[in-house]
Amino acid sequence: MIAIAAALAEIALILVQRRRAPSGGPAATPWSHMAAALGAGMVGWLVIGRPEPVWGDVSLALISGVVLGSEAAQSARVLAGKEWAGWATACGSGAASANWLLATPLPFM
């Protein structure tokens, strides 16, 4: 449930930023935000108890946490005008994506 809510919030954030942004060329890939999201995903995996990963779930967690999270972080940074907003979004997205690996919808159940 947490991962689904986070993914929907990230998609909404990206859509709002793209709607407000003037049409221009493609933005640079936020590699630092990707690394932060990946690291936060690993921390989230450790916090929820290191569930046994299934390869299908790992790819879903990586796509939603790293790729979608880094785009959402870039959008948050642009909309807020502050660098910390991007870092917070990347870390929150990465940590929330670890919930795709759980067998139950909520952690700690």
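Structural data are supplied above this passage.
Residues numbered from 1 in each chain as written. Predicted model: local features only at pLDDT ≥ 70, side-chain atom pairs only at ≥ 80, totals over all residues. Heavy atoms only, no water.

### A word on the overall build of the protein
Phase 1 of the analysis: In terms of helices and strands, the protein carries four helices and zero strands.
Phase 2 of the analysis: From first element to last, N terminus to C terminus, the protein shows the α and β order α-α-α-α.
Phase 3 of the analysis: A compact globule built from 109 residues should have a C-alpha radius of gyration of about 13 Å, and the protein, at 14 Å, falls within 12% of that.
Phase 4 of the analysis: Counting only C-alpha atoms, the protein reaches 45 × 20 × 20 Å along its principal axes.
Phase 5 of the analysis: The proportion of buried residues among the 109 residues of the protein is 37%.
Phase 6 of the analysis: As displayed, the protein has an accessible area near 6,700 Å², and 70% of this comes from carbon and sulfur atoms.
Phase 7 of the analysis: Distance from the positive charge centre (6 side chains) to the negative charge centre (5 side chains) of the protein: 14 Å. (Helix = DSSP H or I, 4+ residues; strand = E, 2+ residues; numbered from the N terminus. Rg over C-alpha atoms; globule rule 2.2 N^0.38 Å. Buried < 20%, exposed > 50% of the residue type's maximum accessible area, 1.4 Å probe, protein only. Areas by Shrake-Rupley, 256 points an atom, 1.4 Å probe, with all protein chains shown as cover. Lys, Arg positive; Asp, Glu negative; His and termini not counted. Charge placed at Lys NZ, Arg CZ, Asp CG, Glu CD.)

### Details of a nonpolar patch on the surface
Phase 1 of the analysis: Together, I4, L8, I11 and L15 line one region of the surface with nonpolar side chains, adding up to about 390 Å² of accessible area.
Phase 2 of the analysis: Of note, L8 is situated in helix α1 (residues 2-20).
Phase 3 of the analysis: A residue is classified by how much of its surface remains accessible, and L8, at 56% relative accessible area, is exposed. (Patch = residues over 30% accessible without salt bridge, like charges linked within 9 Å, V, L, I, M, F, W, Y side chains within 5 Å. Salt bridge = Lys/Arg side-chain N within 4 Å of Asp/Glu carboxyl O.)

### Quick look at the pattern of salt bridges
Phase 1 of the analysis: This structure, assessed with the given rule, holds two salt bridges.
Phase 2 of the analysis: Put simply, E71 and R18 hold a salt bridge, and the shortest N to O gap is 3.2 Å. In this pair, E71 is assigned in helix α3 (residues 55-80) and R18 in helix α1, connecting sequence segments 53 residues apart.
Phase 3 of the analysis: On the basis of relative accessibility, which here comes to 30%, the residue E71 falls in the partly exposed class.
Phase 4 of the analysis: Residue classification places R18 among the exposed positions, given a relative accessible area of 54%.
Phase 5 of the analysis: A salt bridge links E83 to R77; the shortest N-O distance between them is 3.9 Å.

### A look at the packing of helix α2 (residues 31-47) against α3
Phase 1 of the analysis: One way to put it is that α2 packs onto α3 with a least axis distance of 8 Å and a crossing angle of 130 degrees. Viewed along their axes, α2 and α3 adopt a mutual orientation that is oblique. Two packed elements cross with a definite hand, and for α2 against α3 that hand is right-handed. Counted together, H33, M34, A37 and L38 of α2 and L62, G65, V66, S70, A73, Q74 and R77 of α3 form the full contact between these two elements.
Phase 2 of the analysis: Looking at side-chain class alone, the contact of α2 with α3 contains six nonpolar, four polar and one charged residues. (Axes fitted to C-alpha atoms, helices over the stretch in contact; angles between N-to-C directions. Parallel < 35°, antiparallel > 145°, perpendicular 65-115°, else oblique. Left-handed = near helix turned anticlockwise from the far one by under 90°. Contact = heavy atoms within 4.5 Å. Nonpolar A, V, L, I, M, F, W, Y, C, P; charged D, E, K, R; others polar.)

### Regarding α2
Phase 1 of the analysis: With 17 residues, α2 extends 24 Å between its outermost C-alpha atoms, agreeing within 8% with the 24 Å of an ideal straight helix rising 1.5 Å per residue.
Phase 2 of the analysis: Along α2, the positions that sit buried rather than exposed are H33, M34, A36, A37, A40, G41 and G44. Each buried residue of α2 sits inside an arc of 160 degrees when the element is viewed along its axis, so together they form one side. Turned more than 90 degrees from where α2 packs its buried face, W31, A35 and L46 sit exposed.
Phase 3 of the analysis: Buried residues in α2 make contact with α3 and α4 (83-97).
Phase 4 of the analysis: Following α2 by one or two positions, G49 has its phi on the positive side, about 100 degrees. (Expected span 1.5 Å × (residues − 1). Arc of directions from axis to C-beta.)

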